[in-house]
Amino acid sequence: MRLHPDDPETYLRQLGESGQVPHDIARAALMLAALDHADHDLKPYIAHLAEIAEQARLEARLSVHAEHAARSLAALLAGSFGYDGDRVTYDDPRNADLIAVIDRRRGMPVALGVLYLHAARAAGFEASGLNSPGHFLLRIRVRGSEALIDPFNGGAALEQESLGAPPLMRELAGEDLDPMHSVEDIDILLRLENNLKLRAARSGEYRRALEIARRMALIAPKNAGLRLDIAHFREQLGELGAARSAFGTCLALAKPGTTLHNEATLGLDGLKRRLN
């Protein structure tokens, strides 16, 4: 399926409907950010991503080992382009918005990780995000060797043993899973947007939280948890008919007996009592 390059919402919906791993995770993240920047011309950002990819391809010719490849990626993104973690205003929503990240050259781990994945894959390296709770990391593989990269800290290469250290932000991670487990690109994009959704919900900005959950559902239409979030946000906003529909969608997607299914059942029952 050819993804529509001009309309962000159409692009993201087609991506979700295709069920395919994004072949271009940075383009997908850019389209998510574009929904908050209707007045921005995306061409300079697309050109910037192309420049990163081209430079990464040139550097790749000299990389014969994963550790050397990791250093070249750090030299490119942190050195040449100036990308680094925002330690001063970490909770700033701009740190999870790829357009703002490109403008400021600062971001949170997962946003910077998207750029490192983009560069690594353009260079021909096998690259994936890791399920490290609260602090996004990357694994790259080159000719049988592998290295771990911390995009938030200048692309520093890590020892695998260091992943046993306490996570930085476990609360945002949601659950404590095997930190060496690779995650799909769609899950990386959801993790990026989840930062925005959680912050909006905690601030009582339910309209904003609903919008973020809605765009997440575009790329993950079969994710029952997102439908449950949408139902709760609709209910908070007093949109009870739409909330009822979202609870129903969650029930249709969630397996019976699971926590999600049970929560949706309770939510729908409570909503029916309010509507009767």
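Re the overall build of the protein
Working step 1: The number of helices and strands found in the protein is 12 helices and 7 strands.
Working step 2: Residue burial in the protein is summarised as follows: out of 276 residues, 48% are buried.
Working step 3: Of the roughly 13100 Å² of accessible surface on the protein, 50% is carried by carbon and sulfur atoms.

Things to note about the packing of helix α6 (residues 109–122) against helix α8 (residues 185–202)
Working step 1: One can describe the packing of α6 onto α8 by two numbers: an axis separation of 9 Å at closest approach and a directional angle of 150 degrees. Of the possible angle classes, the one that applies to α6 and α8 is roughly antiparallel. Crossing geometry of α6 relative to α8 is assigned as left-handed. Contacts from V110, A111, V114, L117 and R121 of α6 reach α8 at D185, I188, R191, L192 and N195.
Working step 2: A class-by-class count of the residues in the contact of α6 with α8 yields 6 nonpolar, 1 polar and 3 charged.

Considering the environment of I99
Working step 1: One can find I99 in helix α5 (residues 98–104).
Working step 2: In sequence terms I99 and L30 are 69 residues apart; their C-alpha atoms lie 6.4 Å from each other.
Working step 3: Contacts of I99, omitting those with residues within four sequence positions, involve L30, A33, A34, H37, H40, L42 and Y45.

Side note on unusual backbone geometry
Working step 1: The phi dihedral of R105 is positive, around 60 degrees, even though this residue is not glycine.
Working step 2: Along the chain, R105 falls in the loop between α5 and β2 (106–107).
Working step 3: A positive phi is found at R143, a non-glycine position, where the angle reads about 50 degrees.
Working step 4: Here R143 is to be found in the loop between β4 (137–142) and β5 (145–150).

Some remarks on the sheet that holds strand β7 (residues 182–183)
Two orientations exist for strands paired in a sheet by backbone hydrogen bonds: parallel and antiparallel.
Working step 1: Spatially, β6-β5-β4-β3-β7 is the arrangement adopted by the 5 strands of the open sheet, whose pairing is antiparallel. Sheet topology places β6 (156–158) and β7 at the edges, where each strand pairs with a single neighbour.
Working step 2: Sheet analysis places strand β3 (residues 126–130) next to β7, joined by 2 bridges and oriented antiparallel. Of the residues in β7, the one forming a bridge with G129 is V183.

Observations regarding the packing of aromatic side chains
Working step 1: As enumerated under the stated definition, the model contains 2 aromatic pairs in all.
Working step 2: When the centroid spacing of 5.6 Å and the interplanar angle of 70 degrees are considered together, the rings of Y90 and F152 count as edge-to-face. Here Y90, found in the loop between β1 (84–85) and α5, pairs with F152, found in the loop between β5 and β6; they are 62 residues apart in sequence, far enough to count as distant.
Working step 3: According to the relative accessible area criterion, F152 is buried, its value standing at 7%.
Working step 4: With a centroid separation of 6.4 Å and 35 degrees between ring planes, the pair formed by Y206 and F233 is classed as tilted.

Cut-offs used in this document
Residues numbered from 1 in each chain as written. Predicted model: local features only at pLDDT ≥ 70, side-chain atom pairs only at ≥ 80, totals over all residues. Heavy atoms only, no water. Helix = DSSP H or I, 4+ residues; strand = E, 2+ residues; numbered from the N terminus. Buried < 20%, exposed > 50% of the residue type's maximum accessible area, 1.4 Å probe, protein only. Areas by Shrake-Rupley, 256 points an atom, 1.4 Å probe, with all protein chains shown as cover. Axes fitted to C-alpha atoms, helices over the stretch in contact; angles between N-to-C directions. Parallel < 35°, antiparallel > 145°, perpendicular 65-115°, else oblique. Left-handed = near helix turned anticlockwise from the far one by under 90°. Contact = heavy atoms within 4.5 Å. Nonpolar A, V, L, I, M, F, W, Y, C, P; charged D, E, K, R; others polar. Pairing = 2+ DSSP bridges. Phe/Tyr/Trp six-rings, centres within 6.5 Å; stacked < 30°, edge-to-face > 60°.

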